[in-house]
Amino acid sequence: MSHTPAPWKIDGAISTRVLLINDSKGYAIGEIVDTRNPANARLISAAPDLLEALCTALPFVEDYHRRERYKSGAVARAVKEIRAAIDKATNEGNTK
């Protein structure tokens, strides 16, 4: 199942404790119940853009995977973390 396409935007609060995350058509796709930390809403609304950036960056990072001038294991760890984040976001490899 694919996620709702970007852009996602933070809408005004529907109450003093709830912020909506809307898709490009203005439909609510999520809500933030605790508005004490608006950074959470910004992070969630940026999720599609972050996923796209990871998918774009992965091939470039993989190119450096075996180059010795980089710290041993650092690029391999970055590749692993990027793949894990992409898998988590796209539900690939996750059965729950």
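None of the values given here were measured: they were computed from a predicted structure.

Caption draft 1: Region of the structure containing the pattern of salt bridges. Within the structure shown, the criterion is met by two salt bridges. Close ionic contact of Arg 83 with Glu 62 constitutes a salt bridge, the shortest N to O distance being 2.4 Å. Pair noted here: Arg 83 is in helix α3 (residues 74–90) and Glu 62 is in helix α2 (residues 47–63), with a separation of 21 residues, a long-range link. One salt bridge in this structure joins Arg 77 and Glu 81, with 3.7 Å as the shortest N-O distance. Residue Arg 77 and its partner Glu 81 are located together in helix α3, separated by four residues, close to a single helical turn.

Caption draft 2: Structural context of α3. An ideal rise of 1.5 Å per residue puts 24 Å on 17 residues; α3 measures up with 24 Å between its terminal C-alpha atoms. Here α3 has its buried residues at Val 75, Val 79, Ile 82 and Ile 86. Buried residues of α3, viewed axially, fall in a sector of 70°; they line one side. Exposed side of α3, more than 90 degrees from the buried face: Lys 80 and Lys 88 are the residues found there. The secondary structure elements touched by the buried residues of α3 are α2. The positive-phi residue at the C-terminal boundary of α3 is Asn 91, with phi of around 65°.

Caption draft 3: Molecular detail of the nonpolar core. Residues Leu 51, Leu 58, Val 75, Val 79, Ile 82 and Ile 86 constitute the largest nonpolar core, which totals six residues. Of all the elements in the fold, those that place two or more residues in this core are α2 and α3. With five residues, the next largest nonpolar core counts Trp 8, Ile 21, Ile 32 and Ala 41 among its residues.

What counts, and at which threshold
- Residues numbered from 1 in each chain as written.
- Predicted model: local features only at pLDDT ≥ 70, side-chain atom pairs only at ≥ 80, totals over all residues.
- Heavy atoms only, no water.
- Salt bridge = Lys/Arg side-chain N within 4 Å of Asp/Glu carboxyl O.
- Helix = DSSP H or I, 4+ residues; strand = E, 2+ residues; numbered from the N terminus.
- Expected span 1.5 Å × (residues − 1).
- Buried < 20%, exposed > 50% of the residue type's maximum accessible area, 1.4 Å probe, protein only.
- Arc of directions from axis to C-beta.
- Contact = heavy atoms within 4.5 Å.
- Core = buried A, V, L, I, M, F, W, Y, C linked by side-chain atoms within 4.5 Å.

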